[in-house]
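Secondary and tertiary structure notes
For reference, the chains in residue letters:
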Amino acid sequence: MLVGIQLSSLTYLLVSGPIFAHSWDGLLLETAGVFLGLWAIYIAGIHNVNVAPKPKPGGVLITHGPYRILRHPMYLAQVVAVIPLVNMHLTALRLIVLFLLAFTLLLKINYEEKGLIRQFGEEYKTYQKRSFRVLPFLY
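What comes next concerns the included structure. Computed from a prediction, not measured in an experiment: that's the story for all the values here. (Residues numbered from 1 in each chain as written. Predicted model: local features only at pLDDT ≥ 70, side-chain atom pairs only at ≥ 80, totals over all residues. Heavy atoms only, no water.)

1. Some details on the environment of Leu-93
By the element assignment, Leu-93 lies in helix H4 (residues 92-120). Judged by its relative accessible area of 47%, Leu-93 is partly exposed. On a C-alpha basis, the gap between Leu-93 and Tyr-12 in space is 9.9 Å, while along the polypeptide they are 81 residues apart. (Helix = DSSP H or I, 4+ residues; strand = E, 2+ residues; numbered from the N terminus. Buried < 20%, exposed > 50% of the residue type's maximum accessible area, 1.4 Å probe, protein only.)

2. Re the pattern of salt bridges
Tallying each qualifying case throughout the model produces three salt bridges. A salt bridge links Glu-113 to Arg-133, with the nearest nitrogen and oxygen atoms 3.1 Å apart. You can see Glu-113 sitting in helix H4 and its partner Arg-133 sitting in the segment after helix H5 (122-129), a full 20 residues away along the chain. (Salt bridge = Lys/Arg side-chain N within 4 Å of Asp/Glu carboxyl O.)

3. A word on the layout of surface pockets
In this structure, the largest pocket occupies an estimated 740 Å³ of space. Lining the largest pocket are 38 residues, and of these Val-49, Asn-50, Tyr-67, Met-74 and Tyr-75 sit closest to its centre. Secondary-structure elements contributing two or more residues to the lining of the largest pocket are helix H1 (2-15), helix H2 (24-44), helix H3 (73-88), H4 and H5. Looking at the lining of the largest pocket residue by residue, the class counts come to 24 nonpolar, nine polar and five charged. Its boundaries defined by the atoms lining it, the second largest pocket holds a volume of some 190 Å³. In terms of lining residues, the second largest pocket is bounded by Tyr-75, Leu-76, Val-79, Val-80, Ile-83, Ala-102, Leu-105, Leu-106, Ile-109, Val-134, Leu-135 and Tyr-139. (1 Å grid on protein atoms, 1.4 Å probe; cavity = no way out; pocket = protein on both sides within 12 Å on 5 of 7 lines; lining within 4 Å. Points joined across faces, edges and corners; volume = space filled by probe spheres on them. Nonpolar A, V, L, I, M, F, W, Y, C, P; charged D, E, K, R; others polar.)

Next comes the structure, spelled out in structure tokens:
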């Protein structure tokens, strides 16, 4: 269900307004989000990525690249990439959908981290202590 809400939110935000920011700062932020997401996928390896909030059986714990600092860089990347799009074509519904997306990703993180602890045990708990969930120095 969370994946459905996530993908529906992203789809709505992409089809209900422009898909490229029209300002340099917005385009820079959008590009940064896309770059972070692609970098995270590249580092993790497509075989280790799962859209569902559960670790793949036989998956490997990745702690380098963007994962050295953030445990969930792909979730951050999604929000960062769409913020300038929502800001550029701001409506109440688009803002609500952005908050719904962010809330859904937070729920996915909580669910996913329980599975990662089950799969990787103390190794993941140690990793949690030296990294941030999504936002460096904040969360």
